[in-house]
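A structural walkthrough
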Amino acid sequence: MSAVPCRSPSLLIIASLACLVTPAAAQSSENLDVTAVGRDPRWTIVGRTTSIVDIKGRHALKLDEGAGIGVVWLSGYDFADGAIDLDVLGRSQPIQGSFVGVAFHVVDARTHDAVYFRPFNFRSSDSSRHSHAVEYVSHPDWPWQRLRSEYPGKYEKAVVPDPDGDEWFHVRVVVQRPTIRVFVNNQSEPCLVVDALSRRNSGSIGLWVGEGSGGSFANLRVTRDDRIRRVLQGLRPPIAIKGRPAVRWTLAERMAEYHVPGASLAVIDGGRVAWAQGFGVKQTATTDSVTATTLFQAQSISKPVAATAALILADSGRVSLDEDVNMYLKSWKLPGNAYQLHEKVTLRRILSHSAGLTVGGFAGYRTGDSIPTLLQILNGETPANNPAIRVDTVPGSVSRYSGGGLVVMQQLLRDVTGEPFPALMKRLVLAPTGMTLSTYEQPLPENRRHEAASGHDGDGLVIKGLWPIQPELAAGGLWTTPTELAAWALAITEAWSGQSSRLLSARMAREMLSVQHGAFGLGIYLEGAGDTFAFHHAGSNAGFRALLLMFPGAGKGAVIMTNADRGDALIAEILTSVATEYQWPSGRQSERAVVNVTPGQLQGLIGKYALPPGPSGAPVFLEISRADGKMFAELTGLGSYPRMELYAASADSFFTINDLSVAFTRDGSGRAQRVRMGQIEGHRR
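Conventions we followed
- Residues numbered from 1 in each chain as written.
- Predicted model: local features only at pLDDT ≥ 70, side-chain atom pairs only at ≥ 80, totals over all residues.
- Heavy atoms only, no water.
- Helix = DSSP H or I, 4+ residues; strand = E, 2+ residues; numbered from the N terminus.
- Rg over C-alpha atoms; globule rule 2.2 N^0.38 Å.
- Buried < 20%, exposed > 50% of the residue type's maximum accessible area, 1.4 Å probe, protein only.
- Areas by Shrake-Rupley, 256 points an atom, 1.4 Å probe, with all protein chains shown as cover.
- Pairing = 2+ DSSP bridges.
- Axes fitted to C-alpha atoms, helices over the stretch in contact; angles between N-to-C directions.
- Contact = heavy atoms within 4.5 Å.
- Polar contact = N/O pair within 3.5 Å; in protein donor to acceptor, adjacent residues only side chain to side chain.
- Parallel < 35°, antiparallel > 145°, perpendicular 65-115°, else oblique.
- Core = buried A, V, L, I, M, F, W, Y, C linked by side-chain atoms within 4.5 Å.
- Phe/Tyr/Trp six-rings, centres within 6.5 Å; stacked < 30°, edge-to-face > 60°.
- Lys NZ or Arg CZ within 6 Å of the ring centre and 35° of its normal.
- Salt bridge = Lys/Arg side-chain N within 4 Å of Asp/Glu carboxyl O.

This part covers the overall build of the chain. Helix and strand content of the chain: 15 helices and 33 strands. In terms of C-alpha radius of gyration, the chain reaches 28 Å, essentially the compact-globule figure of 26 Å for 685 residues. A burial count over the chain gives 58% of its 685 residues as buried. When the accessible surface of the chain is split by element, carbon and sulfur atoms take 50% of a total near 25,800 Å².

Right under this line is the structure:
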């Protein structure tokens, strides 16, 4: 786990980084002729006989009564997200005689999701029956019996206002994963809102009837949200080279190119999670798929979530952001020295990475290692693999990323509250935000390990122990999902905008998202102004890469998590595709021109440059080479990274298509002696 100085996923290498209606251009709508069932061989019929009828003013498909569930679906049709509209006719008598609805993400008659209605309960005087008028199910794992037993009242509701159970009613099912909304008779408010239970990301569309029931259906119209397809098929580098053909890739192609077995993505649009989806597998050479609920290590994104707990305590007056932290530390004190004679280490400085504290990142531990205590980490004592966390610069004088500072904060929060850190985070932040899957427990409890993605190196090979163990919990110990990190980002946004104080007051949220020192707010990176204002944080642990980015004023953003060392480049390309498709205020692909540089000028740059050591302390080098008239940069010491082609912006300044800048400083002879890669400096070896 290491420092990530800005949101550009390229720099993760150095760290080793809705609405009911959507815009018309994003959708494709089509009418599916249900009266062609029986004539069109694409329609598959299971469990029922069908006929075409004219009934109560509609030319309709009728499914006759029969035993078991009946499903009719359109084979080969692909529906992921969007809206399904249709007219449905059941009957109010007899009780338990009519179960009618729509199936989606259909694999076959046994494997599908469905929203169905019980018209005999629409106007029932029995309050219990009335509340069982519409239900969402996911077969085969979540039939109605199990849902009613384990989650009573969650997946079934009344339909208000009550339709007539013996007349046609209009149904609109809006699928925007992970959320499903059901509207009846063009009401503006949904009668049912649930999260999807199945791991299926797509499938066919069908008509559904339950045990012993028949039903009639008409006017089936499907509106598919093509933005998701375009995002997944339109990956592109952040930088396009002027005068060269546009480059586009599919997500599957780039995952294979970068040896990333699994990825998970949540897209925020309109101030809500528009959709979330997992791709690939949790571990290479297996078939265990990544889903939207698969746990990934949040890495350094653990920091802003942990910072939220400190801000909550400050909001309530239990701690001050501007007092010496030694006022609150009890079981351990930060050793004093000459740097602290006139300036003190405070929570504000810790959270803005300006406290002068050492230790940028932590290498983590593996299964079988001796795991140090928090005090051993603070003091750099065996078996801790980090040096002691101390002040080596006047607090408040410089902005320097310090994971060590967050570990000091972790100890402070524990001393102030008396609670174990994972329990404290669950109480103050995770539970109020709805992050029910997330945990700061390290190691991950054994009974939850099946939920987690395994980490992989740059060649796509599983790392030792499957994932790092990070006892530096506040700095990098969070296990979570993109959807739940998106929920946190939305909660911060709601507080910042004054819409909700369920997590932080508006005052504290605005302080959190105000520049404190350098590029930092309180626990989070900030950039831009006005419409382009954004908060973000990236993460990098061995085997994992992640990025969170939110435009609070626009209600747009994304969280991307991957389970491989080369996930940073993949993240950059996914992010650019999302930014383009969802019209973000910034972050879309930009075009840059390449200038001509003489061979002699290029020759003066070739060589090997030493960069600061990685999280494990191992040396890191940037090697500049030239081949076939092109310049390349290759990073070594942080895993398996490919050569990156460098494009000249000037004789001394270069860039990559993933928006990484590489600048050189030459001596009097024209030979480069220093390099600056992003915000990291190195010298010729």
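This is not the end of the story, as more comes after the structure.
What follows deals with the sheet that holds strand E17 (residues 262-269). One open sheet holds the six strands; their spatial order is E18-E17-E24-E23-E22-E21, and the pairing between them is antiparallel. For this open sheet the edge positions go to strand E18 (272-280) and strand E21 (525-527), each flanked by a neighbour on one side alone. Pairs of neighbouring strands in the sheet enclose a mean axial angle of 15°, with direction left out of account. The pairing of E17 with strand E24 (residues 556-562) spans six bridges and is antiparallel. For Leu 265, the partnering residue across the bridge sits in E24 and is Ile 560. Lying on the sheet, helix H14 (residues 567-581) is in contact with E17, strand E23 (544-551) and E24; it crosses E24 at an angle near 155°.

Our focus in this paragraph is helix H4 (residues 226-233). For H4, every residue scored as buried is listed here: Asp 226, Arg 227, Ile 228, Val 231 and Leu 232. Residue Asp 225 occupies the N-cap position of H4, its side-chain oxygen lying 3.0 Å from the main-chain nitrogen of Arg 227.

As a further point, take the packing of helix H6 (residues 302-315) against helix H10 (residues 421-433). One way to put it is that H6 packs onto H10 with a least axis distance of 9 Å and a crossing angle of 75°. On the basis of the axis angle, H6 is roughly perpendicular to H10. When H6 is examined against H10, the residues Val 305, Ala 306, Thr 308, Ala 309, Ile 312 and Leu 313 are found in contact with a partner set consisting of Phe 421, Met 425, Leu 428, Val 429 and Leu 430.

Ranked by size, the top nonpolar core spans 91 residues in total, and within it Met 409, Trp 488 and Phe 535 carry the most contacts. With nine residues, H6 is the largest single contributor of residues to this core. Residues within four places of Met 409 in sequence aside, it is in contact with Ala 306, Ala 307, Ala 310, Leu 347, Ile 350, Leu 351 and Ala 474. Counting 53 residues, the second-largest nonpolar core is a separate cluster that includes Val 100, Val 115, Phe 122 and Val 171.

Moving on: the side chain of His 353. Summarising the element assignment, His 353 is placed in the loop between helix H7 (347-351) and helix H8 (374-379). Only 2.9 Å separates the side chain of His 353 from the backbone nitrogen of Ser 402, close enough to count as a polar contact. Among all residues touching His 353, those that are not within four sequence positions of it are Lys 303, Val 398, Ser 399, Arg 400, Tyr 401, Ser 402, Leu 406 and Phe 520.

Turning our attention to the packing of aromatic side chains. Across all of its chains, the model carries 21 aromatic pairs by this definition. Centroid distance Phe 654 to Phe 664: 5.9 Å. Interplanar angle 85°. Geometry classified as edge-to-face. Taken as a pair, Phe 654 in strand E30 (residues 653-655) and Phe 664 in strand E31 (residues 661-666) lie far apart in primary sequence, ten residues in all. An aromatic cluster is present here, built from Phe 99, Tyr 116, Phe 120 and Trp 208 joined pairwise through their rings. Positioned above the aromatic ring of Tyr 77, the side-chain terminus of Arg 224 is 4.4 Å from the ring centre. Arg 254 extends its terminal NZ or CZ atom over the ring of Trp 249, reaching a point 3.5 Å from the ring centre.

Considering all chains together, one arrives at 32 salt bridges under this definition. When the shortest N-O distance is used, the salt bridge between Glu 150 and Arg 146 registers 3.0 Å. Taken together, the residues span about one helical turn, with Glu 150 and Arg 146 both in helix H3 (residues 144-150) at a distance of four residues. Ionic pairing is found between Asp 565 and Arg 545, a salt bridge with its closest N-O pair at 3.2 Å. On the criterion of sequence distance, the pair formed by Asp 565 in the loop between E24 and H14 and Arg 545 in strand E23 is long-range, its members being 20 residues apart. The burial state of Asp 565 is the same as that of Arg 545; both residues are buried. Each of Asp 315, Asp 322, Arg 348, Arg 507 and Glu 511 takes part in salt bridges that share partners, so that together they form one network.

None of the figures reported here should be taken as evidence of function without further support.
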